[in-house]
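Coordinate inspection notes
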Amino acid sequence: MAATGEQAVVPRNFRLLEELEEGQKGYGDGTVSWGLFDDDDMTLSRWSCTIIGPPRTPYENKIYQLTIVCGGKYPDHPPEVQFLTKINLGCVDASTGVVDRKKMNILSKWNRRHTIQTVLLEIKRHMTLKENIKNPQPPEGQMYGS
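Since the structure is predicted, the reported quantities are computational estimates derived from the model, not experimental observations. (Residues numbered from 1 in each chain as written. Predicted model: local features only at pLDDT ≥ 70, side-chain atom pairs only at ≥ 80, totals over all residues. Heavy atoms only, no water.)

Time to look at the packing of aromatic side chains. All chains considered together, the criterion is met by three aromatic pairs. A centroid spacing of 6.2 Å and a plane angle of 65° characterise the contact between Tyr 59 and Tyr 64, whose relative ring orientation is edge-to-face. Summarising the burial analysis for this pair, Tyr 59 and Tyr 64 share the class buried. Grouping aromatic residues by their ring pairs yields a cluster made of Tyr 59, Tyr 64 and Phe 83. Here Arg 46 stacks its cationic end above the ring of Phe 37, 3.9 Å away from the centre of that ring. (Phe/Tyr/Trp six-rings, centres within 6.5 Å; stacked < 30°, edge-to-face > 60°. Buried < 20%, exposed > 50% of the residue type's maximum accessible area, 1.4 Å probe, protein only. Lys NZ or Arg CZ within 6 Å of the ring centre and 35° of its normal.)

Right, dumping it as structure tokens:
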């Protein structure tokens, strides 16, 4: 039995199965979604994600596709996040779409309680920040690597 104040550590795959279930149920307001990139991915590593841009921003109603890779040390270490859809956002590398961990607190100050959903919601929140509101956006539908 764990001592008072200690919490059981949920193993990686159980945690990711919980996150998969949440994504399939569509928790939240529907403006962020996530699921496995490949249903046969037994390691639960690569995730396909979507963010619908927030209202009253240059991102409004645009659909952004991302991939999130949860490495073998997730959730103790943050996932890797990359936009597939081109976006002009301060925390995203303009040439690759990779989200810079150092420019996003949720990734640089990672806590195992954070989830794929909280990462996506934090990216969406970044879209509403004053420093990103004036960023001109690439034409809709452009993808990195194309």
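A few words now on the pairing of strand 1 (residues 32-36). Counting buried positions over the five residues of strand 1 gives four, a clear majority of the element. Relative to strand 2 (residues 46-52), strand 1 runs antiparallel, the two sharing five bridges. Considered in strand 2, the bridge of Ser 33 is made with Thr 50. (Helix = DSSP H or I, 4+ residues; strand = E, 2+ residues; numbered from the N terminus. Pairing = 2+ DSSP bridges.)

This next bit is on the state of the cysteines. Chemically, a disulfide is nothing more than a covalent bond linking the sulfur atoms of two cysteines. One pass over the full model with this rule turns up zero disulfides. Free of any disulfide, Cys 49 has its nearest neighbouring cysteine sulfur in Cys 70, separated by 8.3 Å. A residue is classified by how much of its surface remains accessible, and Cys 49, at 1% relative accessible area, is buried. Assessed through its relative accessible area of 1%, Cys 70 is described here as buried. (Disulfide = S-S within 2.5 Å.)

On to the environment of Gly 23, then. Mapped onto the fold, Gly 23 is located in helix 1 (residues 12-25). Taking the relative accessible area as the measure of exposure, Gly 23 reaches 15% and is therefore buried. Sequence spacing of Gly 23 and Gly 53 is 30 residues, and the spatial spacing of their C-alpha atoms is 18 Å.

The subject of this paragraph is the pairing of strand 2. Because side chains alternate across strand 2, one face comprises the buried residues Trp 47, Cys 49 and Ile 51, and the other comprises Arg 46, Ser 48, Thr 50 and Ile 52, none of which is buried. The pairing of strand 2 with strand 3 (residues 63-69) spans seven bridges and is antiparallel. Within the sheet, the bridge partner assigned to Ser 48 lies in strand 3 and is Thr 67.

Right, let's get into the pattern of salt bridges. This model, assessed by the stated rule, comprises five salt bridges. Ionic pairing is found between Lys 124 and Asp 29, a salt bridge with its closest N-O pair at 3.4 Å. Taken together, the residues span a long stretch of sequence, with Lys 124 in helix 3 (residues 116-126) and Asp 29 in the loop between helix 1 and strand 1 at a distance of 95 residues. Residues Asp 76 and Arg 112 are paired through a salt bridge, measuring 2.8 Å at the closest nitrogen-oxygen approach. With a gap of 36 residues between them, Asp 76 in the loop between strand 3 and strand 4 (80-83) and Arg 112 in the loop between helix 2 (105-108) and helix 3 connect regions that are remote in the sequence. (Salt bridge = Lys/Arg side-chain N within 4 Å of Asp/Glu carboxyl O.)

So, on to the side chain of Thr 57. With respect to the secondary-structure elements, Thr 57 resides in the loop between strand 2 and strand 3. Thr 57 sits in the buried class, given a relative accessible area of 11%. A distance of 2.6 Å separates a polar side-chain atom of Thr 57 from the backbone oxygen of Pro 54. The residues contacting Thr 57, other than those within four sequence positions of it, are Met 127, Thr 128 and Ile 133. (Polar contact = N/O pair within 3.5 Å; in protein donor to acceptor, adjacent residues only side chain to side chain. Contact = heavy atoms within 4.5 Å.)

The next thing to look at is the side chain of Asn 135. Note that Asn 135 resides in the segment after helix 4 (130-133). Within the structure, Asn 135 has its side chain in polar contact with the backbone oxygen of Asn 88 (distance 3.3 Å). The residues touching Asn 135, leaving out its near neighbours within four places in the chain, are Pro 58, Tyr 59, Asn 88, Leu 89 and Gly 90.

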